[in-house]
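# Structural overview
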Amino acid sequence: SDLIESIEVRKTLTPDMDADTIGASLDIQTVASFDSRSDFLSLRAEASWNELADTITPKLGLDFSTALSDSFGISGGISFYRREFETDNVEADPWVTGDLGNNYSEEIQYRDYDVERERISASLSFDFRPSDSTTLFARGVFSQFDDQEFRRRLRLDVSDFDQVSGGAGNVLTFSDADGELTVRRDIKDRFERQRIASLSLGGETDTGPWSFDYQASWSRSSEREDGSVDPADFRRDFEDDGLVLQIDNSNMFIPAYSVLGGSNLFFDPAAFELNDIEFTALSDSVDEEWMARFNAGYSIPTDSGEFTIQGGVQGRWREKSFNGTIEFYENDALTLDPFVGVPSLRIANIAPAAADRRISNFFFANRGAFELQEIDSIFDSNVGDYVNQEDIYSGYLLGRWDSDTLRVIAGVRIEHTENQISANTTELIEEGATFNGAVLDDDIVVVTPNSFSRSYTDWFPSLNVRWEPIDNLVFRTAGYRSLVRPNLGDLAPIFAVEQNDDDEREGEFGNPDLLPYE
């Protein structure tokens, strides 16, 4: 943020601006060497303290700008930031009303987060004036953000109950003699890296009546995981084991629980068997865009003001994709007992809980002891993959009148949008279901690639008027059309379908026919 020179908020659109906005657009200008009246160098050192983690973490930065000659300048900066913190969290959802009129949450989750975040960012700009009429620039930005998250979680699931076992008001009891009580203790060990990079080249030429500006740019952002245990889930279903839980909803923001019966099993780590490990072998999301534009204007001065005719063309070529490989592993011989650590949650007792890396290290060192669940792995690895290519071609023509008291900008913009989108129809069909006229002996996954293409063209007229009849009194009026295109991920034709042994099918899907907001 220290590299920002100014932020310009535009509440209306003019034809030379991208029409993909509603409400306002923000134009963020970074520091350029010729903008500074003199050379400068700034150094920063900061520190922050997190009360729960009891840790001091640093932030460092350097920024500079210098004109090496009358025609060449350089500016840039680098910053480093590392933060360690803890978060105590509780989530209760969904809230239901039981048969006896009691209100309660079907699942309460107590979450204990330990997080380490690190960011390094750098920018570099070159400015060149080959002549009095022309200024050229080259600007680059890079940022890398690493997020290591450990999350221990206790989940109390009473969704099997139609009514509470006892209690009244905000204090309710649930007994496993009246329904199945599911208790899960899991841990997430996730490392995620995000990167953003951009490079832009361009310039301006002003010869008097004629003015030109031109720019080409490339940008790429990514988010990647390739080795996260997310999560390792230990579970026990209590049924006629003597477990009785009391849930106190007096503070609905932090529901409290206590164990009235069966505490010997509830607090015994050996009573919780490994349900599965969800291993993110790869989660790779990439968004890349190329852009080129050219604008030309011609000014005609008059006795009362100046009239400018301006036009331009632009092309944007963007591709967004996701590729995932998710693997599920089981080992029925494992319990939570050998992996127990000390949780730091302060709002509830979630012990016994797994230590940060203990289960992850064991999994990586003993991969052969775990059985890959092929069906679930194939399904989750294919269901989210997609590629969406969006190309936008635009052009505009405007007229602008400027005088001492009046400014009028009027014109029209045209934008043509093309999408080429591909994803999968992923079907999980259970044993006993009918597929292609035959009854299946085993669960199967059927993956069918699909693709869609579409295009549309929009016209965007606009009129902006600014009138200042006297000093310190300004009237403005404007009218314009704009649109907001759908998120590329929402357009992806992802079809996820599950068919049970009664041949009932349910699913969810993306919508490649989504229309823009207008």
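Residues numbered from 1 in each chain as written. Predicted model: local features only at pLDDT ≥ 70, side-chain atom pairs only at ≥ 80, totals over all residues. Heavy atoms only, no water.

### What about the overall build of the protein chain?
Filter applied, for reference: Working definition: helices are DSSP H or I runs of at least four residues, strands are E runs of at least two. Numbering for both runs from the N terminus. Throughout, radius of gyration means the C-alpha value; the globule benchmark is 2.2 Å times the number of residues raised to the power 0.38. For the exposure calls, accessible area comes from a 1.4 Å probe over protein chains only, and a residue counts as buried if that area is under 20% of its type's maximum, exposed if over 50%, partly exposed in between. We call two residues contacting when some pair of their heavy atoms lies within 4.5 Å.
Looking only at helices and strands, one finds 4 helices and 29 strands in the protein chain. In terms of C-alpha radius of gyration, the protein chain reaches 30 Å, well past the compact-globule figure of 24 Å for 518 residues. In terms of overall dimensions, the protein chain has C-alpha extents of about 95 × 60 × 50 Å along its principal axes. Counting every position in the protein chain, which comprises 518 residues, the buried fraction comes to 42%. Across the protein chain, every contact between residues at least 6 apart in sequence was considered, and the portion connecting residues at least 24 apart equals 71%.

### Description of the sheet that holds strand β10 (residues 166-168)
Just so we agree on the cut-off: A pair of strands is treated as paired once DSSP finds two or more bridges between them. To define axes, lines are fitted to C-alpha atoms, for helices over the stretch in contact only, and angles between the resulting N-to-C directions are given on a 0 to 180 degree scale.
Pairing in this open sheet of 4 strands is antiparallel, and the strands run β10-β11-β15-β16 from one edge to the other. Looking at the sheet topology across the chains shown, the edges are occupied by β10 and β16 (256-261). Put simply, the sheet's adjacent strands are angled 20° from each other on average, direction ignored. Here strand β15 (residues 244-248) runs beside β16; their pairing, made up of 5 bridges, is antiparallel. Looking across to β16, one finds that L245 is bridged to V259.

### As for the nonpolar core
Here is the rule: Side-chain atoms within 4.5 Å link the members of a nonpolar core, which is a set of buried Ala, Val, Leu, Ile, Met, Phe, Trp, Tyr and Cys residues.
Core analysis: the largest hydrophobic core is formed by 40 residues, its most contacted members being Y110, L156, F174 and I277. Setting aside residues up to four positions removed in sequence, L156 forms contacts with E106, E107, I108, Y110, T182, V183, L245, I247, Y257 and F266. In terms of nonpolar packing, the next biggest core, distinct from the first, is built from 9 residues, L428, V445, I494 and A496 among them.

### Focus: the environment of D490
Along the chain, D490 turns up in helix α4 (residues 488-491). Note: C-alpha distance between D490 and D513 (23 residues apart in sequence) is 9.9 Å. When neighbours within four sequence positions are excluded, D490 is seen to be in contact with G510, N511 and L514.

### With respect to helix α2 (residues 358-365)
Quick note on the threshold: The reported arc concerns the directions from the helix axis to the C-beta atoms and nothing else.
Every buried residue of α2 is accounted for by I359, S360 and F363. The buried residues of α2 occupy one face: seen down the axis, they fall within an arc of 100°. Where α2 is buried, its residues touch β12 (181-206), β14 (228-238), β17 (273-301) and β18 (306-330).

### Section: the side chain of D233
As for its placement among the helices and strands, D233 is situated in strand β14. In this view, D233 contacts R184, R185, D186, E273, L274, N275 and D276; residues no more than four positions away in its chain are not counted.

### Some words on the pattern of salt bridges
Between side chains of opposite charge, pairing is possible as soon as their charged atoms come close. Quick reminder of the rule: By salt bridge we mean one thing: a side-chain nitrogen of Lys or Arg within 4 Å of a carboxyl oxygen of Asp or Glu.
Under the counting rule described, the total for this entry stands at 39 salt bridges. Note that D147 is salt-bridged to R117, the shortest N-O span being 3.4 Å. In this pair, D147 is assigned in strand β9 (residues 134-157) and R117 in strand β8 (residues 107-131), connecting sequence segments 30 residues apart. With a shortest N-O distance of 4.0 Å, K188 and D230 are connected by a salt bridge. Of the two residues, K188 sits in strand β12 while D230 sits in strand β14, which places them 42 residues apart along the sequence. Across this residue pair, the class does not change: K188 and D230 are buried.

### Focus: the pairing of β9
Of all the 24 residues making up β9, 18 are buried; the element is thus mostly covered by neighbouring parts of the structure. Sheet topology places β8 next to β9; 23 bridges connect them, and they run antiparallel. Bridge pairing links Y113 to R151 in β9. Following β8, the chain reverses through 2 residues before pairing antiparallel with β9. In the sheet, β9 pairs with β12 via 24 bridges, with the strands oriented antiparallel. The partner of L154 across the bridge, within β12, is R185.

### With respect to a nonpolar patch on the surface
Which entries qualify depends on this criterion: Patches in this entry comprise residues that are over 30% relatively accessible and not in a salt bridge; like charges within 9 Å are linked, as are nonpolar side chains (Val, Leu, Ile, Met, Phe, Trp, Tyr) within 5 Å. To be clear on the numbers: accessible area is Shrake-Rupley with a 1.4 Å probe, and residue cover counts the displayed protein chains and nothing else.
On the surface, a cluster of nonpolar side chains totalling about 530 Å² of accessible area is made up of W210, Y298, I300, F307, I309 and L397. Looking at the nonpolar patch, the elements that each hand over two or more residues are β17 and β18. Tracing the backbone shows Y298 in strand β17.

So, to be careful, I would describe these as geometric facts and stop short of saying anything about function.
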